[in-house]
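Coordinate inspection notes
Each chain, letter by letter, is given below.
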Protein chains: 2
Amino acid sequence: MPTRRFKVTIAYKGAAYHGFQRQINAVGIQNILEDKLSVLTDKRVEIEGCSRTDKGVSANMFVFSFSADCRITCDGIVRGMNSALPMDIAVLDCEEAEDDFHARYSCKGKEYRYFILNTPCRNPFLYETSFHYPKEINLDLMNRAAEYFVGTHDFTSFCGTSNLKENPVRTVWECHGERTGDMICFTVSGDGFLYNMVRIMVGTLLWVNEGRFSPEDMPRILEEKDRRSAGKTAPACGLFLNKVMY
Amino acid sequence: MPTRRFKVTIAYKGAAYHGFQRQINAVGIQNILEDKLSVLTDKRVEIEGCSRTDKGVSANMFVFSFSADCRITCDGIVRGMNSALPMDIAVLDCEEAEDDFHARYSCKGKEYRYFILNTPCRNPFLYETSFHYPKEINLDLMNRAAEYFVGTHDFTSFCGTSNLKENPVRTVWECHGERTGDMICFTVSGDGFLYNMVRIMVGTLLWVNEGRFSPEDMPRILEEKDRRSAGKTAPACGLFLNKVMY
């Protein structure tokens, strides 16, 4: 049997998991997917995720790849996985891919969404999928600051790890917030993201809202290349990986 | 200290609880509310809920009443409860009420909503708060059947308990479904509801959709006064208590 290469698209609510990545003493989404796929294909399967999402982060679209010499159809994988997986993980699509397709290395860009629930009282239905922020929001002010993130910059100040080994330059294509009723949604897209980058960007924009930074402070924060120059990391529950581009 | 009477409005996601009512070997929402209120008022508090909601049913609005000789302000109860309660229960309002106010007996009517997610694939974000129904839905047909429930009828066929001790006659004011994108929402309001009544009504309407009943069968089902004449009880996860009228 020849080895086949698969590209699988899923969605998940991250609240119950310790992130996407396989864990030893906790449940990552990868653990569950590999276990179920191994049963389904009757082979020990290892998958490659398009990204490491943090504990509590959700995905409307997440892609992983794997190889297996198995006979099951793509539709069989979708159906089999959806009947085996917990309700907070759903397989949206499965297709056969080129041999050199890799969910992470073939990725050309990503789009994240960050949801801020702007109500006085917290909401018992949305606490796992949005950040409850009761203070008044001046969205125009936040968007003026967000504009400074668009473009190619060294995002060291917006990276959660101190021992940064990779090149910290990224290109952000869009960074903009929109309000729909009580929900504010920031869309951030680009060619790649550093660890915690979107959450630190949103946390910094919330400090702009609170008057702790002015929008015009953003270029300075970028230039200082120091995590301590930026604002707080916004909570994981508001963040969604929304799109992965290939 | 004189005994004060309180009316409290809450919202909750029911997925994690064994219904509203106090339980001995499981966690009802009432257990949690009474525990937290007792700490807050420094008295052993017993509350009266406006309704017993089933395991897994949610509420956008639920009212309970209680008496206590305490000094805490209504605002103090709202704040204190919201900081002590789990994230899936929120206190929306607290006010002092007349001595004879009783959340259940003073209630003049209720409005329920039943959410049906009509997509081919299940949704990892909505499985706790809607019923996933992948088959095509003919909403006009279901609404033609739903019309027959409006008015004053003996709803014995739509009651989940066989040993019905109360008068089974209820007046339904509205019973109508609307589609917003992939979500269908049935609104059912009336002066009172029997055990499982809304869920059996929705389950019966889904059988109409599947051609197992015609809309014109509804008067016969009501007349037969037999639970076995109606359709299946729709799952609890789709049901919300939406409004309580006094």
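Position numbers for residues start from 1 in each chain and track the written sequence from start to end. Chain letters start at A and ligand numbers start at 1, both assigned in the order the entries are written. Confidence filtering applies because this is a predicted model: local features only for residues at pLDDT of at least 70, side-chain atom pairs given and counted only at 80 or more, and all residues used for totals across whole chains, interfaces and linings. Values reported for side chains reflect all heavy atoms of the structure, with hydrogen atoms and water molecules removed beforehand.

**Structural notes on the relation of the copies chain A and chain B**
Filter applied, for reference: For this overlay, a least-squares fit was computed on C-alpha atoms, restricted to residues scoring pLDDT of at least 70 in both copies. Whether two residues are in contact is decided by their heavy atoms: any pair within 4.5 Å suffices.
Mapping chain A onto chain B is achieved by rotating through 180 degrees and translating by 0.0 Å along the same axis, at an RMSD of 0.0 Å. This pairing of chains is accounted for by a two-fold axis. When the interface residues of chain A are mapped onto chain B, 100% of them are again interface residues, pointing to one common binding face.

**A word on the side chain of threonine 53 of chain A**
Residue and element names in this part refer to chain A. Rules: Runs of H or I in DSSP of at least four residues are treated as helices and runs of E of at least two as strands, each being numbered from the N terminus. The rule is simple: take the accessible area with a 1.4 Å probe, protein chains only, and divide by the maximum for that residue type; under 20% is buried, over 50% is exposed, in between is partly exposed. What qualifies as a polar contact is a pair of N or O atoms within 3.5 Å, subject to a donor-acceptor requirement within protein and to the restriction that residues adjacent in sequence count only when both atoms come from side chains.
Relative to the assigned elements, threonine 53 resides in the loop between strand 2 (47-49) and strand 3 (58-68). Look at threonine 53 and you get buried, because its relative accessible area is 7%. Looking at threonine 53, its side chain comes within polar contact range of the side chain of tyrosine 12, at 2.7 Å. Those residues within four positions of threonine 53 in sequence are excluded, and the remaining contacts are Tyr12, Gly19, Phe20 and Phe62.

**Topic: the domain arrangement of chain A**
All names here are of chain A. This is how the line gets drawn: Domain segmentation is taken from an automatic or database assignment of domains. Accessible area that two parts lose when put together, evaluated with a 1.4 Å probe and summed over both, is termed the buried area. Basic side-chain nitrogens of Lys or Arg form a salt bridge, by our definition, when they fall within 4 Å of a carboxyl oxygen of Asp or Glu. Residues are grouped as follows: Ala, Val, Leu, Ile, Met, Phe, Trp, Tyr, Cys and Pro are nonpolar; Asp, Glu, Lys and Arg are charged; every other residue, Gly included, is polar.
Taken domain by domain, chain A consists of domain 1 (4-96) and domain 2 (109-245). Domain 1 and domain 2 are separated by 27 Å when their C-alpha centres are compared. At the junction of the two partners, domain 1 supplies 14 residues and domain 2 supplies 15 residues. For the domain 1 face of the interface with domain 2, the top three residues by lost area are Asp54, Asn60 and Met61, together amounting to 40%. In this structure, the connection of domain 1 to domain 2 is made through two salt bridges. Notably, a salt bridge pairs arginine 199 with aspartate 54, separated by 2.8 Å at the nearest N-O pair. Linking domain 1 to domain 2 there are seven residue pairs in polar contact (both at pLDDT 80 or more). Broken down by class, the residue content of the side of domain 1 that touches domain 2 amounts to seven nonpolar, four polar and three charged.

**So, the packing of aromatic side chains**
All names here are of chain A. Short version of the rule: Stacked, edge-to-face and tilted are the three classes for Phe, Tyr and Trp ring pairs, Trp counted by its six-membered ring, which pair at centre distances within 6.5 Å; planes under 30 degrees apart are stacked, over 60 edge-to-face, the rest tilted. Think of it as a cone above the ring: NZ of Lys or CZ of Arg counts as a charge over the ring if it is within 6 Å of the ring centre and within 35 degrees of the ring normal.
The tally for this structure, following the rule as stated, stands at 26 aromatic pairs over all chains. Geometrically, the ring pair formed by phenylalanine 131 and tyrosine 133 is tilted, given 6.1 Å between the ring centres and 55 degrees between the ring planes. Among the aromatic residues, those joined into a ring-pair cluster are Phe6, Phe64 and Phe66. Directly above the ring of tryptophan 207 sits arginine 212, whose terminal nitrogen or CZ lies 3.7 Å from the centroid.

**Re unusual backbone geometry**
Phi at lysine 225 of chain A takes a positive value of approximately 45 degrees, unusual for a residue other than glycine. Mapped onto the fold, lysine 225 of chain A is located in the loop between helix 5 (218-224) and strand 10 (239-245).

**As for the pairing of strand 5 (residues 109-117) of chain B**
Residues and elements named next belong to chain B. Put simply, the rule is: By definition, two strands form a pair when at least two bridges between them are found by DSSP.
Here strand 5 lies mainly inside the structure; eight of its nine residues are buried. When strand 5 meets strand 10 (residues 239-245), the two strands line up antiparallel, connected through six bridges. Directly across from tyrosine 112, in strand 10, lies its bridge partner leucine 241. Alignment of strand 5 against strand 9 (residues 183-190), held across eight bridges, turns out to be antiparallel.

**Observations concerning the interface of chain A and chain B**
Interface size is commonly expressed as the accessible surface area that is lost when the partners come together. Every contact between the two is made by 25 residues of chain A and, on the other side, 25 residues of chain B. Its largest share of buried area at the contact with chain B, chain A owes to Met87, Arg122 and Phe125 of chain A, together 43% of the area lost on that side. Applying the counting criterion to the chain A and chain B interface returns two salt bridges. The closest approach of N and O atoms between lysine 13 of chain A and glutamate 128 of chain B, which form a salt bridge, is 3.3 Å. Every element with two or more residues in the side of chain A that touches chain B is listed here: strand 1 (4-12), strand 3, helix 2 (74-84) and strand 4 (89-96) of chain A.

**Comments concerning the environment of leucine 33 of chain B**
Residues and elements named next belong to chain B. Structurally, leucine 33 can be placed in helix 1 (residues 29-41). Residue leucine 33 is classed as buried on the basis of its relative accessible area, which comes to 0%. With 48 residues separating them in the primary sequence, leucine 33 and methionine 81 have C-alpha atoms 8.2 Å apart. Residues within four places of leucine 33 in sequence aside, it is in contact with Ile10, Phe20, Ile47, Phe64, Met81, Leu85 and Ile89.

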